[in-house]
Amino acid sequence: MDIKIFDEKSNTRFKFRVNGVLIVDGKILTVEMNNSGNLCCPGGHVTLGEDTISAMKREFFEETGVEIKVNKLLAIIENFFPFGNKQIHELSFYYLVEPKSMPADKQKDFSLIENDNGVLVDMQYRWIKLEELNNYNFNPKPLREKLIDKNFDFQHIIFKENQ
């Protein structure tokens, strides 16, 4: 079971996620879901009873088909943002990862359809130069700034959008 909680009184949803920061030759692997215009790092929800490193390896493989090695925790981001008519409180662990091996078809932009608990999600993967991240709607914003600055030291970030 994914760790997601919804509080009807405050119309707030809590999500616990992991995300993989995969950088190869100065480019980061990003994903856009369902042509939303928003880019982020591959990842997903942590399940109840699962540690974040296991969740990272599982989610990255499920989303990309690439097996990874988890190198280090780059950031924990507490992200508060509006989504539709709901307020989201998201706790995300961002790990710096590397591929165990990199299939040729994953070394350039690629697409996949993910079956996320019965919901088909169109996943468009793009390799983007770190210094060009500001040209895209890459989220969360504090991670974008950290990556552009090539700051790979651990950081705990609290980010409240529109507050």
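Small disclaimer: the values here were computed from a predicted structure and weren't measured.

Draft legend 1. Examining unusual backbone geometry more closely. The residue after Asn139, namely Pro140, is reached through a cis peptide bond having omega 0°. Looking at where Pro140 falls in the secondary structure, it is placed in the loop between strand 9 (119-129) and helix 2 (141-148). Unusually for a residue other than glycine, Asn11 sits at a positive phi of about 55°. Locating Asn11 in the fold gives a position in the loop between strand 1 (4-7) and strand 2 (12-24). Residue Asn11 is classed as partly exposed on the basis of its relative accessible area of 25%. A positive phi angle, near 50°, is found at Asn34, a position not held by glycine. Relative to the helices and strands, Asn34 resides in the loop between strand 3 (27-33) and strand 4 (39-40). Asn34 sits in the partly exposed class, given a relative accessible area of 45%.

Draft legend 2. View of the pairing of strand 6 (residues 68-83). By the bridge criterion, 14 bridges tie strand 6 to strand 7 (residues 86-99) in an arrangement that is antiparallel. Within the sheet, the bridge partner assigned to Leu73 lies in strand 7 and is Tyr95. Across six bridges, strand 6 lies against strand 10 (residues 155-160) in parallel orientation. The residue bridging Ile76 from the neighbouring strand is His156, located in strand 10.

Draft legend 3. Highlighting the nonpolar core. Of all hydrophobic cores here, the largest spans 23 residues; its most connected members are Leu29, Met56, Phe60, Ile68 and Val97. Secondary-structure elements contributing two or more residues to this core are strand 2, strand 3, helix 1 (52-64), strand 6, strand 7 and strand 9. Per-element tally for this core: the top contributor is strand 9, with four residues. Ala75, Leu96, Leu133 and Leu143 belong to the second largest nonpolar core, which has 16 residues in total.

Draft legend 4. Spatial organisation of the packing of aromatic side chains. Going through the model one piece at a time under the given rule, you end up with three aromatic pairs. The interplanar angle of 15° and the centroid separation of 4.6 Å between the aromatic rings of Phe110 and Tyr125 together place this pair among those described as stacked. Linking Phe110 in strand 8 (residues 110-116) with Tyr125 in strand 9, this pair joins segments that are 15 residues apart in sequence. The pair formed by Phe110 and Tyr125 is uniform in burial state, with each residue classed as buried. In textbook terms, an aromatic cluster arises when at least three aromatic residues are bridged by ring pairs, as seen for Phe16, Phe93 and Tyr95.

Draft legend 5. Quick look at the pattern of salt bridges. Using the criterion set out here, one finds eight salt bridges in the structure. Two residues, Glu131 and Lys150, come together in a salt bridge whose shortest N-O distance is 3.9 Å. Separated by 19 residues along the polypeptide, Glu131 in the loop between strand 9 and helix 2 and Lys150 in the loop between helix 2 and strand 10 bring together distant segments of the chain. Among the residues examined, Lys150 registers a relative accessible area of 47% and is labelled partly exposed. Via salt bridges that share partners, Glu50, Arg58, Glu59 and Glu62 belong to a single interconnected network.

Scoring rules and cut-offs
- Residues numbered from 1 in each chain as written.
- Predicted model: local features only at pLDDT ≥ 70, side-chain atom pairs only at ≥ 80, totals over all residues.
- Heavy atoms only, no water.
- Helix = DSSP H or I, 4+ residues; strand = E, 2+ residues; numbered from the N terminus.
- Buried < 20%, exposed > 50% of the residue type's maximum accessible area, 1.4 Å probe, protein only.
- Pairing = 2+ DSSP bridges.
- Core = buried A, V, L, I, M, F, W, Y, C linked by side-chain atoms within 4.5 Å.
- Phe/Tyr/Trp six-rings, centres within 6.5 Å; stacked < 30°, edge-to-face > 60°.
- Salt bridge = Lys/Arg side-chain N within 4 Å of Asp/Glu carboxyl O.

In short, geometric facts, not functional conclusions.
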